[in-house]
Amino acid sequence: MRRRARRRRPRPVTLFETRSPLSGRIRVVQRGPERRLMMGGETQSVYYPGGDWSPVEREYWARALAPLRALPPRPRVLLLGLGGGTQVHLVARATESARITVIERDPAVVRVAGDWF
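Figured I'd write up the structure that's included with this text. (Residues numbered from 1 in each chain as written. Predicted model: local features only at pLDDT ≥ 70, side-chain atom pairs only at ≥ 80, totals over all residues. Heavy atoms only, no water.)

**A short note on the packing of aromatic side chains**
One pair of aromatic rings is described through two measures. These are the centre distance and the angle between the planes. In total, this model carries five aromatic pairs according to the counting rule given. Residues Y48 and W53 carry aromatic rings whose centres are separated by 5.4 Å and whose planes lie at 70 degrees to one another, so their mutual orientation is edge-to-face. Residue classification places W53 among the buried residues on the basis of a relative accessible area of 5%. Each residue in the set Y47, Y48, W53 and F117 is aromatic and connected to the rest through ring pairs, giving one cluster. (Phe/Tyr/Trp six-rings, centres within 6.5 Å; stacked < 30°, edge-to-face > 60°. Buried < 20%, exposed > 50% of the residue type's maximum accessible area, 1.4 Å probe, protein only.)

What follows is the structure in structure tokens.
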């Protein structure tokens, strides 16, 4: 019996790393088409620079936005914590003209999000 060759996932590559007094070690990691914001060894955000967000639909990021379907047109959305902006991107894709406000306490996170996500 012949074994099927398994596709190898690309190795993660650290694109950027910094330290913050508030958040500790912050890394931007790219693996194939997916970019992740890592803080404290945990994934805080994902981003797809190529524009294909379909992998996110299977994860909790998209499921967390299910209540958006019940909101009126042009909803006001408040997000506590920016991370890399995954939820900002998904809210903007899921609604027409949502007014999004984000509160983020760490200026380093805001800079990393703006530069990489």
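**Focus on the side chain of T95**
Along the chain, T95 turns up in the loop between α2 (86-94) and β6 (99-103). One polar contact links the side chain of T95 to the main-chain carbonyl oxygen of V91, over a distance of 2.9 Å. Each residue touching T95, except ones within four places of it in the same chain, is listed here: L68 and P75. (Helix = DSSP H or I, 4+ residues; strand = E, 2+ residues; numbered from the N terminus. Polar contact = N/O pair within 3.5 Å; in protein donor to acceptor, adjacent residues only side chain to side chain. Contact = heavy atoms within 4.5 Å.)

**Structural notes on the pairing of strand β2 (residues 24-31)**
The sheet contact formed by strand β1 (residues 13-20) and β2 spans seven bridges and is antiparallel. Note on β2: the bridge partner recorded for V13 is Q30. A loop of three residues connects β1 with β2, the two strands running antiparallel in sequence. Where β2 hands over to strand β3 (residues 34-39), the hairpin turn is made up of two residues, of which G32 adopts a positive phi near 60 degrees. (Pairing = 2+ DSSP bridges.)

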